[in-house]
Amino acid sequence: MAEPDAAEAYEATRIAYELGKTVRAMREGRGWSQNDLARAAGMTQSAVARFEADGTIPTLPVLERLARAVDAEVEVRLTPRAPAA
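Residues numbered from 1 in each chain as written. Predicted model: local features only at pLDDT ≥ 70, side-chain atom pairs only at ≥ 80, totals over all residues. Heavy atoms only, no water.

## As for the layout of surface pockets
Here is step 1: Approximately 660 Å³ is the volume attributed to the largest pocket.
Here is step 2: If you go around the largest pocket, you meet 23 residues; those closest to its centre are Ile15, Leu19, Leu63, Glu75 and Val76.
Here is step 3: Of all elements in the fold, only α1 (6-29) and α4 (60-69) reach the threshold of two or more residues within the lining of the largest pocket.
Here is step 4: The greatest single-element share of the lining of the largest pocket, amounting to 9 residues, is contributed by α1. (1 Å grid on protein atoms, 1.4 Å probe; cavity = no way out; pocket = protein on both sides within 12 Å on 5 of 7 lines; lining within 4 Å. Points joined across faces, edges and corners; volume = space filled by probe spheres on them. Helix = DSSP H or I, 4+ residues; strand = E, 2+ residues; numbered from the N terminus.)

Have a look at this one:
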């Protein structure tokens, strides 16, 4: 992570991966296929597959559509970091 923006890019990718994993678990918990979720969210199956597998960084409107489809809420928070000791 010698590049200045590498840590930031890694963190964004990690968060996207976690979001994809969460949506997949919620979809599977409902017994839905990717096609079912895509239909409910007004997306294509390939867009759902990319989001779940690739850790595609989604826009907030896409997250909202996916959340509504699985009866969930999107929660975005900014939390102050603890000061360095």
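This is not the end of the story, as more comes after the structure.
## Some details on the side chain of Glu52
Here is step 1: As for its position among the elements, Glu52 is in helix α3 (residues 45-54).
Here is step 2: Among the polar contacts made by the side chain of Glu52, one reaches the side chain of Arg27 at a distance of 2.7 Å.
Here is step 3: What Glu52 contacts, discounting residues up to four positions off in sequence, is Gly20, Val23, Arg24, Arg27, Gln34 and Leu37. (Polar contact = N/O pair within 3.5 Å; in protein donor to acceptor, adjacent residues only side chain to side chain. Contact = heavy atoms within 4.5 Å.)

## Section: the nonpolar core
Here is step 1: Ranked by size, the top nonpolar core spans 12 residues in total: Val23, Leu37, Ala38, Ala41, Met43, Ala47, Val48, Phe51, Leu63, Leu66, Ala69 and Val70.
Here is step 2: Among the elements of the structure, α2 (34-41), α3 and α4 are those that each provide at least two residues to this core. (Core = buried A, V, L, I, M, F, W, Y, C linked by side-chain atoms within 4.5 Å. Buried < 20%, exposed > 50% of the residue type's maximum accessible area, 1.4 Å probe, protein only.)

## A few points about the packing of α2 against α3
Here is step 1: With their axes 8 Å apart at the nearest point, α2 and α3 run at an angle of 110° to one another. Of the possible angle classes, the one that applies to α2 and α3 is roughly perpendicular. Contacts from Gln34, Asn35, Leu37 and Ala38 in α2 reach Gln45, Val48, Ala49 and Glu52 in α3.
Here is step 2: Residue composition of the contact of α2 with α3, by class: 4 nonpolar, 3 polar and 1 charged. (Axes fitted to C-alpha atoms, helices over the stretch in contact; angles between N-to-C directions. Parallel < 35°, antiparallel > 145°, perpendicular 65-115°, else oblique. Nonpolar A, V, L, I, M, F, W, Y, C, P; charged D, E, K, R; others polar.)

## Observations regarding the side chain of Arg27
Here is step 1: Tracing the sequence through the fold places Arg27 in helix α1.
Here is step 2: With sequence-adjacent residues up to four places away left out, Arg27 is seen in contact with Trp32, Ser33, Gln34, Leu37 and Glu52.

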